[in-house]
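Read off the chains here:
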Amino acid sequence: MNGPPLVIYGSMRRWSAQHFRATLQGYFLPASIIGMTGYWLAGLWVPARNPYTICFRCQLPWMGIFLGRVINHRLHGEAFLKYIYLALAGIGALLLVQAINGRRTLSAPRR
């Protein structure tokens, strides 16, 4: 989970929407390439998973770039930061729910 800390750092630095988008794209492209290389070297990138890998690692980022560009032109200043904070709060809530549910499934069954 490498995205939220970078987003928190960028919001604390008060980056503009343009700077934010450029920095995130500049970070996630090499990180994804390195990740895919690691999957390949570990033998986890197998032909049976190629359609899923291509879809989620190659096509979805382009859709994110397009959506980011559209949102970037519409949001400015405080509105941009408000949505960043809202997204971080949502991710935090989701992680809490997953942690609570995970704790329930890992505990011993009741009799």
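Residues numbered from 1 in each chain as written. Predicted model: local features only at pLDDT ≥ 70, side-chain atom pairs only at ≥ 80, totals over all residues. Heavy atoms only, no water.

Describing the packing of aromatic side chains
Link 1 in the chain: According to the stated counting rule, one finds three aromatic pairs in the structure shown.
Link 2 in the chain: Geometrically, the ring pair formed by W15 and F20 is edge-to-face, given 5.7 Å between the ring centres and 75 degrees between the ring planes. Taken as a pair, W15 and F20 share a single burial class, namely buried.
Link 3 in the chain: An aromatic cluster is present here, built from Y9, W15 and F20 joined pairwise through their rings. (Phe/Tyr/Trp six-rings, centres within 6.5 Å; stacked < 30°, edge-to-face > 60°. Buried < 20%, exposed > 50% of the residue type's maximum accessible area, 1.4 Å probe, protein only.)

Brief notes about the nonpolar core
Link 1 in the chain: Ranked by size, the top nonpolar core spans eleven residues in total: L6, V7, W15, A17, F20, L24, L75, F80, L81, I84 and L88.
Link 2 in the chain: Secondary-structure elements contributing two or more residues to this core are α1 (3-12), α2 (17-41) and α4 (78-106).
Link 3 in the chain: If you tally residues by element for this core, the top one is α4, at four residues. (Core = buried A, V, L, I, M, F, W, Y, C linked by side-chain atoms within 4.5 Å. Helix = DSSP H or I, 4+ residues; strand = E, 2+ residues; numbered from the N terminus.)

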